[in-house]
Amino acid sequence: MNKHLIITGTGTDIGKTLASSILMLGLDADYWKPIQCGPPTDTDTVKQLTGAPLHRFHKESYCFKNPLSPHLAAEMEHETIDIARIHVPPTQHHLLIEGAGGLMVPITHHLLQIDLFKSFHAPVILCARTELGTINHTLLSVDALKMHGIALLGLIFIGPDMPDTTNTILNFTKAKKLGHIPMLDDFSPRTLKNVFDRNFNKADFYV
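Residues numbered from 1 in each chain as written. Predicted model: local features only at pLDDT ≥ 70, side-chain atom pairs only at ≥ 80, totals over all residues. Heavy atoms only, no water.

Helix and strand content of the protein chain: 7 helices and 9 strands. Its C-alpha atoms give the protein chain a radius of gyration of 16 Å, within 12% of the compact-globule value 17 Å for 207 residues. Taking the principal axes of the C-alpha coordinates as reference, the protein chain spans close to 45 × 35 × 35 Å. Looking at the protein chain residue by residue over its 207 residues, the buried ones come to 52%. In the protein chain, once contacts between residues fewer than 6 apart in sequence are set aside, the share between residues at least 24 apart is 71%. When the 18 basic and 20 acidic side-chain charges of the protein chain are each reduced to a single mean position, those positions are 6 Å apart. (Helix = DSSP H or I, 4+ residues; strand = E, 2+ residues; numbered from the N terminus. Rg over C-alpha atoms; globule rule 2.2 N^0.38 Å. Buried < 20%, exposed > 50% of the residue type's maximum accessible area, 1.4 Å probe, protein only. Contact = heavy atoms within 4.5 Å. Lys, Arg positive; Asp, Glu negative; His and termini not counted. Charge placed at Lys NZ, Arg CZ, Asp CG, Glu CD.)

Those residues of helix α6 (residues 163-173) that fall on the buried side of the exposure criterion are Thr 165, Thr 166, Ile 169, Leu 170 and Thr 173. The buried residues of α6 occupy an angular sector of 125° when projected down its axis, which confines them to one face. Within α6, the exposed residues directed more than 90 degrees away from the buried face are Asp 164 and Phe 172. Residues of α6 that are buried sit in contact with α5 (134-147), β8 (152-158) and β9 (177-181). Positive phi appears at Lys 174, one or two residues downstream of α6, with a value of about 60°. (Arc of directions from axis to C-beta.)

Take the layout of surface pockets next. Quantified by volume, the largest pocket comes out at close to 600 Å³. Taken together, the elements giving at least two residues each to the lining of the largest pocket come down to α1 (16-27), β3 (35-37) and β6 (95-102). Examining the composition of the lining of the largest pocket, we find that 4 residues originate from one element, β6, more than from any other. Looking at side-chain class alone, the lining of the largest pocket contains 16 nonpolar, 8 polar and 6 charged residues. (1 Å grid on protein atoms, 1.4 Å probe; cavity = no way out; pocket = protein on both sides within 12 Å on 5 of 7 lines; lining within 4 Å. Points joined across faces, edges and corners; volume = space filled by probe spheres on them. Nonpolar A, V, L, I, M, F, W, Y, C, P; charged D, E, K, R; others polar.)

Together, Leu 68, Leu 72 and Met 76 make up a nonpolar patch on the protein surface, roughly 240 Å² of accessible area in all. In this structure, Leu 72 sits in helix α3 (residues 70-76). (Patch = residues over 30% accessible without salt bridge, like charges linked within 9 Å, V, L, I, M, F, W, Y side chains within 5 Å. Areas by Shrake-Rupley, 256 points an atom, 1.4 Å probe, with all protein chains shown as cover. Salt bridge = Lys/Arg side-chain N within 4 Å of Asp/Glu carboxyl O.)

Below, the discussion takes up the sheet that holds strand β1 (residues 4-9). Strand order in the open sheet made by the 7 strands is β4-β2-β6-β1-β7-β8-β9, with parallel pairing throughout. Taken across any chain shown, the strands that pair with only one partner, and hence form the sheet edges, are β4 (57-58) and β9. Sheet strands touched by α1: β1, β2 (30-32), β4, β6, β7 (124-129), β8 and β9. Its angle to β6, the strand with the most contacts, is close to 175°. In the packing of α5 onto the sheet, contacts are made with β7 and β8, and the angle to β7 comes to roughly 165°. (Pairing = 2+ DSSP bridges. Axes fitted to C-alpha atoms, helices over the stretch in contact; angles between N-to-C directions.)

What follows deals with unusual backbone geometry. Geometrically, the link from Pro 39 to Pro 40 is a cis peptide bond, its omega value of -10° lying close to zero. On the secondary structure map, Pro 40 appears in the loop between β3 and α2 (42-50). Of note in this structure, Asp 28 is not a glycine but carries a positive phi near 55°. Assessed through its relative accessible area of 43%, Asp 28 is described here as partly exposed. Backbone geometry places His 78, a non-glycine residue, at a positive phi of 55°. Counting through the fold element by element, His 78 comes out in the loop between α3 and β6.

Below, the structure written as structure tokens:
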């Protein structure tokens, strides 16, 4: 069964776009970034990393020039993001929906990104780095999802293998570990697909 999957992170520059690229290759999925702030676009980055056909990428609902929080990037272009105008594109495949920044990033002066995610009625994949501080950030993010009634499909850990850190997070959250993305020197499509094959289970994304 094909489904929509939201890719978010515990903060900015966690590795969501890399994770999206790996999942796109591993799941033969489509990709969509509803709100983009600043060049280069994450869509262009995923295109480059995956080499996937252009028809597997869907146009952003909003694309702003400045690499800022969406509410401010929109304001600087005299716009206000209207989530009623953000429609999930139709597809025959899995659709990976990558958010901008973390869950509590404001997209207007009254709405947060987590509010947009709730409107999609799709489970979330939460990306977390294995660096210092990730336990606090990840537990807070998981609690925020619970408070908003959004299903968490599982966690992807990014960075050096830190068994104590990941086990502590999994123990407190009771979340599923979907996979691990190690430090990489090569970002070719073949390498990224190998990361998926070695560190992920495709069946976890079809539940």
